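If you want the building blocks of each chain, they are given just below.
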Amino acid sequence: MNQAVPAIVRYHIRHDTRYRYDQPVGESRQLLRLTPRELPWQHTCAHRLDIAPEPARRQAFVDGLGNLVETLHFERDHDALFIRAESWVELRQRDLPALADSPPWETVREMLEYRAGRGFDEARLEACGYLFESRHVRVKREFADYAAADFAAGAPLLVGVNRLMRRIFDEFTFDPEATDVSTPVTEVFEHRRGVCQDFAHFMLSCLRSLGLPARYVSGYLLTRPPPGKARLIGADATHAWVAVYCPGHGWVDFDPTNALMPDLEHITIGWGHDFADVSPLRGVILGGGEHEPEIAVTVVPEDEFHTLYGSAELPGLQPA
Amino acid sequence: MPPGLIASYPHAADRYDEMLAAPGQPRPHWQPFAERLARFPESILGHRADFVRGAIEADGVTYNVYTDPKGTKRPWELDMLPLIVGSEEWEELGSAVAQRARLLNAILADLYGARSLLTEGLLPPALVFGQHGYKWPCQGVLPPAGIWLHSYAVDLARAPDGKWWAIADRTQGPSGAGYALQNRIIVSRTFPDAFRELHVQPLASFFRAIQDSLARLAPHDGEAPLAVLLTPGPYNETYFEHAFLARYLGFPLVEGQDLTVRDDTVYLKTLRGLRRVHAILRRLDDDFCDPLELRADSALGIPGLMGAIRAGRVLMANQLGSGVLESAALLGFLPAICERLLGETLLMPSVATWWCGEEPALEYVLEHLDDLVIKPAFSSMRMEAVFGHELKGDSRRRMIERIVAQPHAYVGQEWVRLSQAPVWNRKLMPRSVGMRVFAAATPDGYTVMPGALGRVAPRAGMEVISMQRGGLSKDTWVRAEAPVVRTSLLKRRLGVIDLVCGGADIPSRVGENLFWMGRYAERCEASARLLRAALVRVSSSDPETELRLSGLLDAARRSGVLPPDEDGKEDPRPLEEALTAALVDADQPGSVAANLRALAYAAGHVKERLSSDNWHALNHLEQLLSRPVATVDQALSALDQVMLSCISLAGFAFDDMTRDEGWRFLILGRRIERLYGLSTLIMRPLAEGVRERERMFEWLLEAANSIVTYRARYRRVPELLPLAHLLVFDGSNPHSVAFQVEALQNELARTARDLGHPYPSLMIDPLARRLADFDLTRFEAEDCELAVRTLRTLLAEAEDAAGNLSEEVHRRFFIHTVRPMHLRRVA
């Protein structure tokens, strides 16, 4: 990015999900993780959900990892479900650390290892929670071996992570056809293909296999329309990247799909051990016969908002 | 031989013997039992061992070794000789186990709350966050009364110095207490005099404590608390125990699909509608409990359960996430944690354990491999324990490599030479033993079951005790100082609450399975009877065979006992072979064996609602067709046995079972099935001309189970009018169409009244009227064939009515599309 980037930016995000069922669904429960989290550099000015049909019950709670979850319960027959989440989010430029300014990666690993009687402060203890295998992340020697090339002895942690991110970007092909939600990370490694979620899971597997704490971040990314083309509604998607715990700095984000460190164009919804913890929508239905949902995400900077939506189709949520 | 019995029992110098203090010399608390044993002639002991085996078989006590849908049920193995523990020793053990339960509960509270054990360095984060059993969705969730661990078990072993050591903790959904109770019921009857004389402490009070505590601790908002036992289902390895315990505790046995969550409240889908559940004693692993927040691919769970738990609206015993403590790696950290959390010294030592995740421990383990057992640090690893001294050459090198590569995944544990106790194998043989001891949370702290599941290594010289590998079990007798007062849970005085709860909590699924149990029991008997009628008419030497079988094979095909002809081609198999297959081939739909399997399946799902006599008959039926059937004679005798067992089942159904709502569905199933089967059968001869028809009457009467009545009444060859009267219109014949219709009217009316549904009048009353109005004199008239046609139409209607009623019952009672309005009314 160049210096022309302003220190504060505002985005409007519209995230539509539509299910159409073959047969009526008698009962349905949905967990929604669609509210962007409050962060030092991120503030959600406004957020709302439009849901059709109206759920019998709607609640919210904060999960064990600090993400806001909204729950919906439908108890009447319906053959379609539509959920629109809209947010106005404000981002400030992050205080990105100088990569070389981080402790040697082995020191970080050692800091989080247990020694008889060694306690951990809250931040490090939280980091310890992201050291191990999870549903989609494996800890295996082959992942450590792959990452070893990027982590020379004594190399600063963030230098190593950055190199690993770039190598994944170079060596892996973005290919939505190659994988689905259930593709194991070992297969992603074997074929070196996948989407952002796969790259994130793979990078997490590498880092955790080295003994480094790393978590999965779910969010949105501002995309740029092709040169000369206008921004389109629904052309974006949800995005995923990783964050690494760096003592002295806290959690630092890396986006292996784009080989960059997220700053003013990444909007964070929440995080977890992997996709399973922060899936934007997760549900159980009785009856039905489910189709893949149609998902349409639109991220638009504040100054393009009216150009994009015009006045005819104004989203329900106005700038705060 | 008596004196030799004890004398010839080998005493091992290097280990503790439970029975003997020195060769030939029993320990004081064993003395009375050993003396009695020595007085018994060998033949009597043999008989008692047979009694134990027989009781296990008759009660159908099983332990599934594989989760194979076809069911690899293996009989529970119980040694008839009890393990005896003195009262003083037990007192010490009991308080140590109670303290341990208290400690583990405090650890759970900390790990899902403040996590001070981790911030203070008393427990490595790897052993918590690295455990599959640590459930992130449970972080910060406070259970009712602050109790995570309601039901706890610990495996104990005794070292050569006579001290008991804890070797493993069971904190998720410990199994074995029900088997211990079953063992007690059998062994106390095997040695009734010794049992009395030794003042053995009773187990019933422990189970009563579970009942009372769940009721008192559950969030109930002033309602009469309802507790259920949640099982993964009949394919689970310890399903027998789930059914047994549910019956003993008086809790409905439920599967995930029986429960539903609305407004953060858990409900049981019963025949009367939804009833709130206040406490869940679970045998379902936490991963499977809620597909919404835990494992998404679980079909066994209850969507939304986690929400109800978070809202504090239901007590989970145990709380989700409690399985995190089942790792051997924790043992070494417990003494310091006990000091920190309870301010007490840990009363019972754990077996010495080194977690390789700490460098000094890793070094120790590699240095002392021969004296250690290597175990996984994470319970999800599914690795068997490995004895260091058994590792040689390559396998030793590989193991060391694995440990060094991932030290935090391994644990070295001191190899404890287990104590030994005698088992009966035509003489007294020493085997390694251990105990699983149980504790339950009560409002006043933990109570420990005064007894245990005695666990015995499967072979002599074997050190590993595992039920999965075919271990034996023992009853454990804890002696009391003074004679004990015996109470049984089944006879305790009931309170008003019990009256309110009783009977009304029949899950819809149970109603459905009882209904199908009724249908299949009837179908088994009917198909056996039809097949028998065919088999007795088959004789290769007799040229009249074909004549006598006329229509019978066709009827068998129509009712599904024989497979339908493919493309009009006849079955190429010799007739006897086809008929035998229709008996024994369970893969052939409609065969007697297939019907039996379906019966067993339905009955297996309602096990806890059936009396032990019912179980015996069902077990017998299941065993019947496992024997080979090669000849017609063998087939006939197997069929007779099937019919006899079916008749016993019918007898229990009508005479022995409480006439609650569940029972009514069993009877509805039987009546609907018989109405259907009879109508189909009687229609067959009526389709033929006069001569052909009359040839079929004899087998028809046999298959319809009315031949004896007919002969008694008419003493002549069967004719149309009396036959039609007996099989269709005679309301006094329990095997007639009219009888089924009248019975169905009565049962449906009662069910409708009890459960508040409309009586399906249109589906049955017109049929009843037409049966009553049928003018039998029409058979004497000139247009007799016209009457036959009318009768056929009537029977076709009856057949339809049976099908429609079956669907109606399903629609009304078993499909739950309960609306919120309805829900608030019943809740």
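Values in this document were obtained by computation on a predicted structure and should not be read as measured data.

**Details of the overall build of chain A**
Summing up its helical and strand segments, chain A has eight helices and 13 strands in all. Against the globule reference of 20 Å for 320 residues, chain A gives a C-alpha radius of gyration of 20 Å, in line with a compact fold. Structurally, chain A occupies a C-alpha span of about 60 × 50 × 40 Å along its principal axes. Counting the 320 residues in chain A, one finds 42% classified as buried. A fraction of 76% describes how many contacts in chain A between residues 6 or more apart in sequence connect residues 24 or more apart.

**Some remarks on the interface of chain B and chain A**
Across the boundary between the two partners, chain B contributes 29 residues, which contact 28 residues of chain A. In the side of chain B that touches chain A, the residues fall into 14 nonpolar, nine polar and six charged.

**A short note on the UniProt feature "domain: Transglutaminase-like" (unreviewed entry) in chain A**
When the UniProt feature table is mapped onto this chain numbering, "domain: Transglutaminase-like" (unreviewed entry) sits at residues 188-258 of chain A. Helix makes up 25% of residues 188-258 of chain A and strand 34%, with an end-to-end C-alpha separation of 17 Å.

**Section: the UniProt feature "coiled-coil region" (unreviewed entry) in chain B**
Under the local residue numbering, the UniProt record ascribes the feature "coiled-coil region" (unreviewed entry) to residues 781-808 of chain B. Within the segment residues 781-808 of chain B, helix and strand shares are 89% and 0% respectively, and the terminal C-alpha atoms sit 39 Å apart.

**Here's the deal with the environment of glutamine 30 of chain A**
Residues and elements named next belong to chain A. Its location among the elements puts glutamine 30 in strand β1 (residues 8-32). You can call glutamine 30 buried: it has 22 C-beta atoms within 10 Å. Sequence spacing of glutamine 30 and arginine 58 is 28 residues, and the spatial spacing of their C-alpha atoms is 9.7 Å. If we ignore the near neighbours within four places in the chain, the residues touching glutamine 30 are Leu72, Leu281 and Gly283.

**Some words on the domain arrangement of chain A**
Residues and elements named next belong to chain A. Here the domain parsing of chain A yields domain 1 (8-92 + 280-309) and domain 2 (99-278). On a C-alpha basis, the centres of domain 1 and domain 2 stand 25 Å from each other. Of all the secondary structure elements, the ones that give two or more residues to the side of domain 1 that touches domain 2 are β1, β5 (78-92) and β13 (294-301). The dominant element in the side of domain 1 that touches domain 2, judged by the number of residues it contributes, is β13, at six residues.

**Points about the packing of helix α16 (residues 508-535) of chain B against helix α22 (residues 632-655) of chain B**
All names here are of chain B. At their nearest, the axes of α16 and α22 sit 9 Å apart, and the two run at 150 degrees to each other. With respect to α22, the element α16 is oriented roughly antiparallel. Here α16 and α22 pass one another in a crossing that is left-handed. Contacts from Ala521, Cys524, Glu525, Ala528, Arg529, Leu531, Arg532 and Leu535 in α16 reach Val632, Ala635, Leu636, Leu639, Val642, Met643, Cys646, Leu649 and Ala650 in α22.

**Here's the deal with the sheet that holds strand β10 (residues 259-262) of chain B**
Residue and element names in this part refer to chain B. Taken together, three strands build an open sheet; the order of strands is β10-β11-β12 and the sheet is antiparallel. Of all the strands in the sheet, the pair left with one neighbour each is β10 and β12 (273-276). With direction set aside, neighbouring strand axes in the sheet form an average angle of 40 degrees. Alignment of strand β11 (residues 265-270) against β12, held across four bridges, turns out to be antiparallel. The residue of β12 that forms the bridge with threonine 270 is glycine 273.

**Concerning the pairing of strand β18 (residues 410-414) of chain B**
All names here are of chain B. Most of β18 is tucked away, with four of its five residues classed as buried. In the sheet, strand β16 (residues 372-376) pairs with β18 via five bridges, with the strands oriented antiparallel. Bridge pairing in β18 links valine 373 to glutamine 413.

**Some details on the domain arrangement of chain B**
Residue and element names in this part refer to chain B. Domains assigned within chain B are domain 1 (83-329 + 417-482), domain 2 (352-414), domain 3 (507-657) and domain 4 (683-827). On a C-alpha basis, the centres of domain 1 and domain 3 stand 41 Å from each other. Residue assignment for the side of domain 1 that touches domain 3 shows that the elements contributing at least two residues are α10 (239-249), β9 (253-254) and β11. Partitioning the side of domain 1 that touches domain 3 into residue classes produces eight nonpolar, two polar and four charged.

**Focus on the nonpolar core**
Nonpolar side chains tend to gather and get buried jointly when the protein is soluble and globular. Met203, Val242 and Val244 of chain A together with Val228, Ile280 and Val437 of chain B are the most contacted members of the largest nonpolar core, which totals 218 residues. Residue contributions to this core peak at 10 residues, all from helix α4 (residues 87-111) of chain B. Each residue touching valine 244 of chain A, except ones within four places of it in the same chain, is listed here: Val161, Leu207, Leu212, Ala214, Trp251, Val252 and Phe254 of chain A.

**A short note on the packing of helix α23 (residues 661-686) of chain B against helix α29 (residues 784-814) of chain B**
Residue and element names in this part refer to chain B. Between α23 and α29, whose axes approach to 9 Å, the crossing angle comes to 155 degrees. Of the possible angle classes, the one that applies to α23 and α29 is roughly antiparallel. For the crossing formed where α23 meets α29, the hand is left-handed. Between α23, through Leu668, Ile672, Leu675, Tyr676, Ser679, Thr680, Ile682, Met683 and Leu686, and α29, the contact on the second element is made entirely by Val788, Leu791, Arg792, Leu795, Ala796, Ala798, Glu799, Ala802, Gly803, Leu805, Ser806 and Val809. Classifying every residue of the contact of α23 with α29 by side-chain character gives 15 nonpolar, four polar and two charged.

**Description of helix α19 (residues 575-584) of chain B**
The set of residues buried in α19 of chain B consists of Ala578, Leu579, Thr580, Ala582, Leu583 and Val584 of chain B. Buried-residue contacts for α19 of chain B involve α16, α20 (592-604) and α22 of chain B.

**Considerations on the sheet that holds β16 of chain B**
Residues and elements named next belong to chain B. If you trace the four strands from one edge of the open sheet to the other, you get β15-β18-β16-β17, paired in antiparallel fashion. Every other strand in the sheet has two partners, leaving β15 (353-355) and β17 (386-387) as the edge strands with one partner each. Here β15 runs beside β18; their pairing, made up of three bridges, is antiparallel. Each residue of the ladder has a partner; that of threonine 353, found in β18, is glutamine 413. Packing of helix α13 (residues 359-367) onto the sheet brings it into contact with β15, β16 and β18, and relative to β15 it is tilted by some 120 degrees.

**Some details on the pairing of strand β9 (residues 238-246) of chain A**
Residue and element names in this part refer to chain A. Summarising burial for β9: nine of the nine residues are buried, a large majority. Side-chain alternation along β9 places Thr238, Ala240, Val242, Val244 and Cys246 on one buried face and His239, Trp241, Ala243 and Tyr245 on a second face that is also buried. Sheet analysis places strand β8 (residues 214-221) next to β9, joined by seven bridges and oriented antiparallel. Note that in β9 the partner of tyrosine 220 across the bridge is threonine 238. Linking β9 to strand β10 (residues 250-254), which pair antiparallel, is a turn of three residues; within it glycine 248 sits at a positive phi near 95 degrees.

**Concerning the environment of glycine 119 of chain A**
Within the element layout of this structure, glycine 119 of chain A appears in the loop between α1 (105-111) and α2 (122-128). Using a count of 15 C-beta atoms within 10 Å as the deciding quantity, one classes glycine 119 of chain A as partly exposed. Not counting chain neighbours up to four residues away, the residues in contact with glycine 119 of chain A comprise Thr119, Glu120 and Gly121 of chain B.

**Here's the deal with the environment of proline 75 of chain B**
Residue and element names in this part refer to chain B. By the secondary structure assignment, proline 75 is in strand β4 (residues 73-75). Placed 70 residues apart in sequence, proline 75 and alanine 145 show a C-alpha to C-alpha distance of 39 Å. Setting aside its immediate chain neighbours within four residues, proline 75 contacts Ile56, Glu57, Val61 and Thr62.

**Overview of unusual backbone geometry**
Cis geometry is found at the peptide bond from alanine 52 of chain A to proline 53 of chain A, where omega equals 0 degrees. Mapped onto the secondary structure, proline 53 of chain A falls in the loop between β2 (42-52) and β3 (57-62). Residue asparagine 318 of chain B follows alanine 317 of chain B across a cis peptide bond; omega there is 5 degrees. Mapped onto the elements of the fold, asparagine 318 of chain B is located in the loop between β14 (315-317) and α12 (334-342). The phi dihedral of arginine 115 of chain B is positive, around 60 degrees, even though this residue is not glycine. Of note, arginine 115 of chain B is situated in the loop between α4 and α5 (116-119). Non-glycine residue alanine 145 of chain B carries a positive phi angle of around 60 degrees.

Rules used in this analysis
- Each chain has its residues counted from 1, running along the sequence as written.
- Chain letters and ligand numbers both follow the written order, the letters beginning at A and the numbers at 1.
- Only residues with pLDDT of 70 or above have their local features reported here, since the model is predicted, and side-chain atom pairs are shown and tallied only from 80 upward, although totals for entire chains, interfaces and linings are computed over all residues.
- Helix numbers and strand numbers start at the N terminus; a helix is a DSSP run of H or I with at least 4 residues, a strand a run of E with at least 2.
- Atoms counted for the radius of gyration: C-alpha only. Globule rule: 2.2 Å times residue count to the power 0.38.
- Exposed residues have 12 or fewer other C-beta atoms within 10 Å of their own C-beta, buried residues have 20 or more, and partly exposed residues fall in between, where C-beta atoms are placed from the backbone.
- Contact between two residues is assigned when their C-beta atoms, built from the backbone, lie within 7 Å.
- Asp, Glu, Lys and Arg are counted as charged, while Ala, Val, Leu, Ile, Met, Phe, Trp, Tyr, Cys and Pro are counted as nonpolar; the rest, among them Gly, fall into the polar class.
- UniProt positions are given in the numbering used here, feature names are shortened, and annotations may be inferred rather than shown by experiment.
- Where each domain starts and ends follows an automatic or database-derived domain assignment.
- To obtain an axis, a line is fitted to C-alpha atoms, over the contacting stretch when the element is a helix, and the angle between two such axes runs from 0 to 180 degrees between their N-to-C directions.
- In this scheme, roughly parallel covers angles under 35 degrees and roughly antiparallel covers those over 145, while 65 to 115 is roughly perpendicular and the rest are oblique.
- Each crossing gets its handedness from the near helix: less than a right angle anticlockwise from the far helix is left-handed, clockwise is right-handed.
- Should DSSP find at least two bridges between two strands, the strands are regarded as paired.
- By definition, a nonpolar core groups buried Ala, Val, Leu, Ile, Met, Phe, Trp, Tyr and Cys residues that are joined through C-beta atoms within 7 Å.

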